[in-house]
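Examination of the molecular architecture
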Amino acid sequence: MRILVVGGGGREHATVKSLAKEGREIFCAPGNAGIANLATCVDIKTNDIDGIVKFATENKIDLAVVSQDEPLVLGMVDALQNAGIRAFGPNKAAAIIEGSKAFSKDLMKKYNIPTAKYEKFTDSEKAINYIKEQNSYPTVIKASGLALGKGVIIAENFEDAKEAVIEMLEGGKFGESGNEIVIEEFLTGTEVSVLAFTDGKCVKPMISSKDHKRAFDGDKGLNTGGMGVIAPNPVYTKDVEKQAFEQIFIPTINAMNAEGRTFKGVLYFGLIITEQGPKVIEYNCRFGDPEAQVCLSLLDTDLLEIMNAVIDGQLEKVDFSNKEGAAIIVMMCSGGYPESYAKGKEISGINADGQSDKFDYIFHSGTAIKDGKYVSNGGRVLGFVCLGKDVKDAQDKVYANIDSVKFENSFYRHDIGGKI
Ligand code: AMP
Ligand code: GLY
């Protein structure tokens, strides 16, 4: 069995690790230095649809797994399937649920799925008038298209809101992604990430998790792709789970079917638990990163079995089981991330296989090999995973050992999962 995973970050490292079993040959495009210990890395860019299809065809790939937003939104799964390659991930028609916030907000409104009140705009004057009329701060301004997780501005006052609108609609701050914006009500509550497999008929979530998006301790600094995650998320109680299923998960799958956009793959529900119950902050059409590293580390069911069931519309038949206890990942990043940062810094404290026995696993997000040594090659560089009997236990393990690994100007958050 020959499997191709498209991507080269920590999420793909976790995907490759979960798929790697006897009898399976794994390729990863483009992969990274950590992934290279488990798979054959091939130098093809993640949004090079023609290049990926050509490689998959020539190398007789039995299953291609596409897990990044951009290639999914561009239609890589459609292109693979059209070429006769079995592929995991939503098609282009379904990936729009992440590719356009204007689409997803309209979907939620039409099908009565709880979310923040909003309006969408392409004209800055109308947008600014709407903000004036609402006169409620903070207010949230979002670029409709993909923006590497940076297209959301939470404005504390009218001046900041106006500036954000002008930057996006007139200044081209997020390129085409900001040609349309969504302005929405600010919601208060605790956020939960739920990564759920669906074949368009049933929904099977992985364990709930909690991301930490801001760069620095105490939720200070800029939004990032995610600085660390714990699972399970303590606010995701049985009661919240029941509401989420009834009011959000099932209605979303049904809504996508009704729109002729059946979603098959992993649907990421970014929820906020408000006083009125769970509401949707965002949908992603793929595994979260770094949520996937933690959720997959706790998943006991074979990922390949799940992926095949999703593709074949047989998910109902798969029994999911998770390991007991909890898990944490803490990301080690390059100084300056999420803005500009250096690359090529030598990493100390890891072995030749990119691992260290001080952690349950180290997922590589951005590493390369230079002169036979591991070096940093991205903003997020390494993710340290520890499992424990509960979150505190996992937290204690990771923070007792994390300083054994470092590179010049590396930094990490000291409070993933709450103050310790
Ligand atoms: P998004 O990319 O839509 O997930 O937004 C990034 C982050 O901005 C979220 O994880 C929230 O922390 C915050 N955010 C987005 N929308 C809202 C909202 N309506 N109310 C409060 N916070 C929000
Ligand atoms: N960690 C959030 C995301 O993957 O979008």
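The preceding data block contains the structure.
Reading the values: the criteria
Residues numbered from 1 in each chain as written. Chains lettered and ligands numbered in written order. Predicted model: local features only at pLDDT ≥ 70, side-chain atom pairs only at ≥ 80, totals over all residues. Heavy atoms only, no water. Pairing = 2+ DSSP bridges. Helix = DSSP H or I, 4+ residues; strand = E, 2+ residues; numbered from the N terminus. Contact = heavy atoms within 4.5 Å. Axes fitted to C-alpha atoms, helices over the stretch in contact; angles between N-to-C directions. Phe/Tyr/Trp six-rings, centres within 6.5 Å; stacked < 30°, edge-to-face > 60°. Buried < 20%, exposed > 50% of the residue type's maximum accessible area, 1.4 Å probe, protein only. Right-handed = clockwise from strand over helix to strand, strands pointing away.

Turning our eyes to something else, we now look at the sheet that holds strand β5 (residues 87-88). An order of β3-β2-β1-β4-β5 is seen for the five strands of this open sheet, with the pairing classed as parallel. The sheet is open, and its two edges are formed by β3 (40-41) and β5, each paired on a single side. One ladder, built from four bridges, connects strand β1 (residues 2-7) with strand β4 (residues 63-66); its direction is parallel. Counterpart to V6 in the pairing with β4 is V66. Where helix α2 (residues 49-58) meets the sheet, its contacts fall on β1 and β2 (25-30), and the angle it forms with β1 comes to roughly 170°.

Before going further, it helps to spend a moment on the packing of aromatic side chains. Here a ring pair, both rings aromatic, is described through the centre-centre distance and the interplanar angle of the planes. Tallied over the full model, the rule gives 13 aromatic pairs. A centroid spacing of 6.0 Å and a plane angle of 90° characterise the contact between F197 and F287, whose relative ring orientation is edge-to-face. Of the two residues, F197 sits in strand β10 (residues 190-198) while F287 sits in the loop between β17 (277-284) and α10 (291-298), which places them 90 residues apart along the sequence. Both residues of the pair, F197 and F287, belong to the buried class. Here the aromatic rings of Y361 and F363 are separated by 4.7 Å at their centres, their planes lie at 45°, and the arrangement is tilted. Take Y361: its relative accessible area is 13%, and that puts it in the buried class. Judged by its relative accessible area of 2%, F363 is buried. Every member of this aromatic cluster is reached through a ring pair, and the members are F88, F197, F287 and F320.

The subject of this paragraph is the pairing of β2. Judged from the six bridges that link them, β1 and β2 form a sheet pairing that is parallel. If you follow L4 over to β2, its bridge partner there is F27. Handedness of the crossover joining β1 and β2 through helix α1 (residues 10-19): right-handed.

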